[in-house]
Every structure is written in structure tokens, then in C-alpha cells.
Amino acid sequence: MPEFIDVDPSELYLPPSRAQGADPGKLARQISKHGDSLVGMPRLELIRGKDGHLRINDGVTRATRAAKLRPGELIPAEVIQDLPRLDVTRMPKVKDCLP
């Protein structure tokens, strides 16, 4: 069953496929199109790992845009999977890779 939560995007861990953070070109396009508005932004999809830490499954660029332009603001997310043995803390957080 999905769980809907509000999260600080800067505190989310990045997936291994996006360890360097958001794609700079895609981020620039999103900022150009949406600016700092979060209205209508699709929910992030997250995985809850060991000790309740959250990793992004889908939405790295959206999370980066929100963390960069609206620091400290909570955004909607959906926890799509619980993997209590997965240590997501080995990856950097969104805030560690902000441009």
C-alpha cells in the first residue's frame, strides 16, 4: 500500500544511477519552464531503506529544483517500497550535490 508523505527534498538520498545529482541540462530546462513554482509538480517516488532513511526512486531533478529554489519547503512524495535492509546512506543527499 502506498504511503503519502511530505519531505524536505534536500535531505533525500540519491539513487546510484544519479550519484552526481540532477542532470544539469534537464535541471536548467525545468527551472526555465517552472521557475520556483512547485504547483502541479508530480510527487517524488521514494524507497524507505534501513533505519527509515529515504532514497529517491523517481524525481531527482524535481527534488533538486525544489531544494535549490525553495530551501526548507516540504514537498509531496510517495513511498513506493520498504527495503529495511538497504543502506541508502552510502549515497550523497540532494543537498550535497546542489549546483
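For the structure itself, consult the block above.
Trainee: Would you mind going over the overall build of the protein chain with me for this structure?
Mentor: On a plain count of helices and strands, the protein chain comes out with 2 helices and 4 strands. Counting from the amino terminus, helix and strand elements in the protein chain follow one another as β-α-β-β-α-β. C-alpha atoms of the protein chain, sized along the principal axes, occupy 40 × 25 × 20 Å. Across the 99 residues in the protein chain, those meeting the buried criterion constitute 37%. Carbon and sulfur atoms make up 49% of the accessible area of the protein chain, which totals about 5700 Å². In the protein chain, the 16 positive side-chain charges and the 14 negative ones have mean positions that sit 5 Å from each other.

The rules we used
Residues numbered from 1 in each chain as written. Predicted model: local features only at pLDDT ≥ 70, side-chain atom pairs only at ≥ 80, totals over all residues. Heavy atoms only, no water. Helix = DSSP H or I, 4+ residues; strand = E, 2+ residues; numbered from the N terminus. Buried < 20%, exposed > 50% of the residue type's maximum accessible area, 1.4 Å probe, protein only. Areas by Shrake-Rupley, 256 points an atom, 1.4 Å probe, with all protein chains shown as cover. Lys, Arg positive; Asp, Glu negative; His and termini not counted. Charge placed at Lys NZ, Arg CZ, Asp CG, Glu CD.

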